[in-house]
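Take a look at the letters that make up each chain.
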Amino acid sequence: MSKGKKQNFFWVSYSDLMTSLFFIMLLLFVLATGGMYLSKEATEEQLKKIEEIQAAVNQLPKEFFTEDTVNHRWSLRKEYSPKFESRDANIYTLNDTASLNEVGHSLLQVVANLEEIKQSEKYQDMDISFLVVIEGMSSYDNYSDNDQLSYRRALSLYYLWKKNGISFEDSQCEVQISGSGVRGIRPHNTDFYEAMKEAGDDAAAQKRAYLQHYNADEEHMNQCIIIQIIPKISNI
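Residues numbered from 1 in each chain as written. Predicted model: local features only at pLDDT ≥ 70, side-chain atom pairs only at ≥ 80, totals over all residues. Heavy atoms only, no water.

Chemist: If you had to explain the packing of aromatic side chains to someone new, which residues and values would you point to?
Modeler: Applying the stated rule across the entire model yields ten aromatic pairs. Measuring from ring centre to ring centre gives 5.7 Å for Y158 and Y159, while their planes differ by 50°; the resulting arrangement is tilted. According to the relative accessible area criterion, Y159 is exposed, its value standing at 52%. Measuring from centroid to centroid gives 5.9 Å for W161 and F168, while their planes differ by 70°, and the two rings are edge-to-face. (Phe/Tyr/Trp six-rings, centres within 6.5 Å; stacked < 30°, edge-to-face > 60°. Buried < 20%, exposed > 50% of the residue type's maximum accessible area, 1.4 Å probe, protein only.)

Structural data, given as structure tokens:
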């Protein structure tokens, strides 16, 4: 074979190879972009389902609960919120337990409704469970046992409900009892807590914040119970 024919053969083969590689890359590009589109559609559908579940969680009865739209949580309305003696966690002392049980039954119905949604065909591809958080709070009064006190207050409400047949565990729903003491996001006397946050570790600034912003009546209202229902989705 002459030298010229060998060169022509080389360039023809090289051209065929590059053409083949071009079509392979084109095919990979089409498959990749198509997969990304399908993935985007699936993600949007999953997000829509999550938003629907979250909307269902937020259907707590407004007769008993009030929504904190800023912090995305619920607390018992003032007339239904358990009342406690100062530095005490006995729920029977100052409360109409029948009203508190009514609240518990309404919350249990919400959980039952969520369980029905969870079992529906639409959500069969999602592993969904729910967490009920009962969070007790204390008021800012320099009491050294406020952390434990707030926990015991939440626990007293849980035991009251349990005693009267209001059991969330029977609904395959996890329950978390917690006490935040005087920490976390406070529902009342917020100007004082914002001032204390700005004061940081400065003792003089803390004293000014207390003198200028502390409201004893509002702070007493922080002896309350916060209720949250949190959906847990392990596969999306």
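Chemist: Give me a negative patch on the surface: which residues, what numbers.
Modeler: A cluster of acidic residues, D191, E194, E198, D217 and E218, forms a negative patch at the surface. Counting only elements with at least two residues in the negative patch, the list comes to helix 4 (190–199) and helix 6 (216–220). Considering each element in turn, the negative patch owes the most residues, three residues, to helix 4. When you line up the elements, E218 lands in helix 6. Residue class for E218 comes out partly exposed when judged on its relative accessible area of 35%. (Patch = residues over 30% accessible without salt bridge, like charges linked within 9 Å, V, L, I, M, F, W, Y side chains within 5 Å. Areas by Shrake-Rupley, 256 points an atom, 1.4 Å probe, with all protein chains shown as cover. Salt bridge = Lys/Arg side-chain N within 4 Å of Asp/Glu carboxyl O. Lys, Arg positive; Asp, Glu negative; His and termini not counted. Charge placed at Lys NZ, Arg CZ, Asp CG, Glu CD. Helix = DSSP H or I, 4+ residues; strand = E, 2+ residues; numbered from the N terminus.)

Chemist: Break down the pairing of strand 3 (residues 128–136) for me, citing the residues and quoting the values.
Modeler: Counted residue by residue, strand 3 has eight buried out of nine residues, so it is predominantly covered. Sheet topology places strand 3 next to strand 5 (residues 225–233); nine bridges connect them, and they run antiparallel. When the sheet's bridge partners are listed, G136 is paired in strand 5 with I225. (Pairing = 2+ DSSP bridges.)

Chemist: Give me the packing of helix 4 against helix 5 (residues 203–213): which residues, what numbers.
Modeler: Pairs of packed helices are described in terms of their axes, by the angle between the two and the distance that separates them. Two numbers describe how helix 4 lies on helix 5: the axes approach to 8 Å, and their chain directions differ by 165°. In terms of orientation, helix 4 lies roughly antiparallel with respect to helix 5. Judged by the twist between their axes, the crossing of helix 4 over helix 5 is right-handed. Contacts from D191, F192, A195, M196 and A199 in helix 4 reach A205, Q206, A209, Y210 and H213 in helix 5. Here the residues of the contact of helix 4 with helix 5 are counted per class, giving seven nonpolar, two polar and one charged. (Axes fitted to C-alpha atoms, helices over the stretch in contact; angles between N-to-C directions. Parallel < 35°, antiparallel > 145°, perpendicular 65-115°, else oblique. Left-handed = near helix turned anticlockwise from the far one by under 90°. Contact = heavy atoms within 4.5 Å. Nonpolar A, V, L, I, M, F, W, Y, C, P; charged D, E, K, R; others polar.)

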